[in-house]
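Summary of structural features
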Amino acid sequence: MLRVKMVKLMLILIIGSALPQLVVAQQQVTLKDALTFALQNNNRVRKAKLDIEGGRYKVEEVRAQALPQITGNVGLTYNPIIGQLVANFGGQTQAIKLGQNWNSTAGVQLSQQLFNQQVFTGLQAARSSEEYYNLNSQLTEEQIIELVANNYYQVLVNRQQLNVIDTNIKNVNIVEKIVSNQYKNGLARKIDVDRINVNLTNLNTQREQVINAITQLENQLKFSMGMPVATQINLPATELTEVTTLPVFTDSIDLANRTEVKLLNNQDKLLSLQRKAYVAEYYPSLALTGNYTYSSQSDSFDFLKSNAAAIGYGASAVGLTLRVPIFNGFLTRSKIRQADVDIKKAKEDRRESVNALNLAYENAKIQLKNNINTIKAQRKNADLAQEIYKSTQNNYNNGLASLTDLLDTENALTSAQNSYTQALLNYKIAEIQLIKSNGNIKSLVQ
């Protein structure tokens, strides 16, 4: 007996020491914390930042084409059979060997573009590409902020629904005890007890479903944040605040501040530079070239005149190379016309994108107006359903209302409370869309 008590005491001590660690391990995360974490750890955001780094290297790659190109070369050749030159000297035909058995060379070559419109246009395009990667990274961050915020509020709403179910289970348990006592005293029917138990079972089933949904939504939230799914987090209920007033609306929005429009501007610039690069294929190019080579020949193994019998000599040249395109089968003309088509398509994309951005803003305003009215109505409806339930419960206890009336009012209360919570979620999602439409989505992180 003493041994059993000691084991129990040890278990209590172990569990007691583990509880603080469990509490600490469950990290409390506000919306701002979630967004800040996501901007630092989300994979898409990190990859977009890597694209910026890659864009800088792309600029360096193109810039290298405008810098001097220097190459070195070394060669060693053995001629088992040496070619001969046959010539007539003073009426006598003679054969002269051309070279030696061993030939070695070493040299350096230089090439510098003096004028090449394709290279210069490519450098401009590379710089615009670097700007594109910066804008794309900014757009990715905005998309992640929107995604994480939506996921965050969905978790809060489901937690609120869980609180509603827990409250209803508590109320039904009270009724179940009353009905069970009445049944024992012959004042209630068994079918009444069964109906209460069925209702209680359904509520517990719903509770399990909501708990599973919360777990899945929390996992989705952590995944979108770039946080390990195994991490335990806790979201403050105060983040889902009650809404009473609408934000200030404007008749129109300044689209120039939207990252999507900035990307379209950058795309237009890149397409224009692409066309300019194709046109540059018609232009001549001028390059400066120079080289120096040292050669050595010997009838035995030798490398760059390493023995006295070898003959060594140097040679160098400096020149200009002018390349003038004349005809390439209308290849360049076809490329330019394709570029013109891409520019026209980009204009259509811009028209559609601008219209879509305005549509999103107008829809967000409509949704907010509708949702604020729904929130007010559902709040009153939930309060009224609460009063009706309390009144019906009191009447039931006094024998003035049937069990059916009580269960109906309990279901109506649950429905009203869930509708109110869902209206809050819809408002928050529409609010995020409105903030995004104004180009201020990053204000959620501040």
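Criteria and cut-off values
The residue count restarts for each chain, going from 1 along the sequence in the order it is written. Since the coordinates come from a predicted model, pLDDT governs what is reported: local features require at least 70, and pairs of side-chain atoms require 80 or more to be given and counted, while whole-chain, interface and lining totals use all residues. To obtain the side-chain values, all non-hydrogen atoms of the structure were used and water was disregarded. UniProt positions are given in the numbering used here, feature names are shortened, and annotations may be inferred rather than shown by experiment. Where helices and strands are cited, they refer to DSSP runs of H or I of at least four residues and of E of at least two residues respectively, numbered from the N terminus. It is over C-alpha atoms that the radius of gyration is taken, and the globule rule equals 2.2 Å times the number of residues to the power 0.38. Relative accessibility decides the category of a residue: with a 1.4 Å probe and only protein chains considered, values under 20% of the type maximum give buried, values over 50% give exposed, and everything between is partly exposed. Throughout, a contact is declared for two residues whenever any of their heavy atoms are within 4.5 Å. Neither His nor the chain termini are counted; the positive set is Lys and Arg, and the negative set is Asp and Glu. Charged groups are reduced to one reference atom each: NZ for lysine, CZ for arginine, CG for aspartic acid, CD for glutamic acid. Whenever Lys or Arg places a side-chain nitrogen within 4 Å of a carboxyl oxygen from Asp or Glu, that contact is recorded as a salt bridge. Note on pairing: DSSP must find at least two bridges between two strands before they are called paired. For helices, the axis comes from a line fit to the C-alpha atoms of the stretch in contact; other axes are also lines fit to C-alpha atoms, and the angle between any two N-to-C directions lies between 0 and 180 degrees. Orientation labels follow simple angle bins: below 35 degrees gives roughly parallel, above 145 gives roughly antiparallel, 65 to 115 gives roughly perpendicular, and whatever is left gives oblique. In this classification, the charged set is Asp, Glu, Lys and Arg, the nonpolar set is Ala, Val, Leu, Ile, Met, Phe, Trp, Tyr, Cys and Pro, and all remaining amino acids, among them Gly, are polar. Patches were defined on residues exceeding 30% relative accessible area and lacking a salt bridge, with like-charge contacts within 9 Å and nonpolar side-chain contacts (Val, Leu, Ile, Met, Phe, Trp, Tyr) within 5 Å. For the area figures, the Shrake-Rupley method with a 1.4 Å probe applies, and any residue is considered shielded solely by the protein chains shown. Between rings of Phe, Tyr and Trp, where Trp is taken as its six-membered ring, a pair exists when centres lie within 6.5 Å; planes separated by under 30 degrees are stacked, by over 60 edge-to-face, and by other angles tilted. The rule for a charge over a ring is simple: NZ of Lys or CZ of Arg within 6 Å of the ring centre, and within 35 degrees of the ring normal. Think of it as the arc spanned by the lines of direction from the helix axis to the C-beta atoms. We define the nonpolar core as a collection of buried residues of types Ala, Val, Leu, Ile, Met, Phe, Trp, Tyr and Cys that are connected through side-chain atoms lying within 4.5 Å of one another.

The protein has the name Outer membrane protein TolC in an unreviewed UniProt entry, where Pedobacter alluvionis is given as its organism. Turning to the protein, the UniProt record has this under Sequence similarities (unreviewed entry): "Belongs to the outer membrane factor (OMF) (TC 1.B.17) family." Checking UniProt for the protein, the heading Subcellular location (unreviewed entry) contains the comment "Cell outer membrane".

With that settled, consider the overall build of the protein. Scanning the protein for helices and strands turns up 8 helices and 8 strands. A compact globule built from 446 residues would reach a C-alpha radius of gyration of about 22 Å, whereas the protein, at 41 Å, exceeds it by more than 25%. In terms of overall dimensions, the protein has C-alpha extents of about 150 × 75 × 35 Å along its principal axes. Across the 446 residues of the protein, 32% fall into the buried class. Here the contacts in the protein between residues at least 6 apart in sequence split such that 82% fall between residues at least 24 apart. Positive and negative charge centroids in the protein, built from 46 and 37 side chains respectively, lie 3 Å apart.

Here we come to the pattern of salt bridges. Summed over all chains, the structure comprises 15 salt bridges. Ionic pairing is found between R189 and D192, a salt bridge with its closest N-O pair at 3.4 Å. In this structure R189 comes out as exposed when scored by relative accessible area, which is 55%.

It is worth spelling out the sheet that holds strand β8 (residues 311–323) at this point. Strand order in the open sheet formed by 4 strands is β2-β5-β7-β8, and the pairing between neighbours is antiparallel. A strand with exactly one partner marks an edge of an open sheet, and here the two such strands are β2 (69–78) and β8. Neighbour-to-neighbour, the strand axes of this sheet turn through a mean angle of 15 degrees, independent of strand direction. The sheet contact formed by β2 and strand β5 (residues 102–115) spans 10 bridges and is antiparallel. Counterpart to G75 in the pairing with β5 is T105.

As a further point, take the packing of helix α4 (residues 117–184) against helix α7 (residues 331–397). Across the interface, α4 lies against α7 with an axial gap of 12 Å and an inter-helix angle of 10 degrees. Classed by the angle they form, the pair α4 and α7 counts as roughly parallel. Contacts from N171, V175, I178, V179 and Q182 in α4 reach Y389, Q393, Y396 and N397 in α7. Tallied by class, residues from the contact of α4 with α7 come to 5 nonpolar, 4 polar and no charged.

Side chains of L114, F115, F120, Y282, Y283 and L320 sit close together on the surface and give an oily, nonpolar patch of about 580 Å² of accessible area. Positionally, F120 belongs in helix α4.

Glancing now at the packing of aromatic side chains. Applying the stated criterion to the full structure yields 5 aromatic pairs. With centroids separated by 5.6 Å and ring planes inclined at 65 degrees, the aromatic side chains of Y132 and Y133 adopt a geometry described as edge-to-face. Residue classification places Y132 among the partly exposed residues on the basis of a relative accessible area of 32%. A relative accessible area of 27% places Y133 in the partly exposed class. Ring geometry for F327 against F330: centres 5.3 Å apart, planes inclined by 90 degrees, an arrangement best described as edge-to-face. If you follow R379 out to its NZ or CZ, it ends over the ring of Y420, 4.6 Å from the centre.

Here the focus is the side chain of Q393. Structurally, Q393 is set in helix α7. When residues no more than four places from it in sequence are discounted, the contact partners of Q393 are N171, V175 and L406.

Attention now moves to helix α2 (residues 31–41). Buried within α2 are the following residues: L31, A34, L35, A38 and L39. Down the axis of α2, the smallest arc covering the buried residues is 130 degrees, so these residues share one side. Packing partners of the buried residues in α2 comprise α3 (43–64), α4 and α5 (190–225).

Let us look at the packing of α2 against α3. Where α2 contacts α3, the axes come no closer than 6 Å and their chain directions differ by 45 degrees. If you check the angle between α2 and α3, you find them oblique. Contacts from A38, L39, Q40 and N41 in α2 reach N43, V45, R46 and K49 in α3.

Counting residues in each nonpolar core, the largest one holds 43 residues, and the members touching the most others are V148, L221 and M225. Elements with a contribution of two residues or more to this core: α2, α4, α5, α7 and α8 (403–437). It is α4 that contributes the most residues to this core, 9 residues altogether. Excluding anything up to four places from it in sequence, L221 contacts V148, N151, Y152, V155, I233 and L235. One finds V172, V193, V210 and Y396 within the second-largest nonpolar core, a separate group that totals 23 residues.

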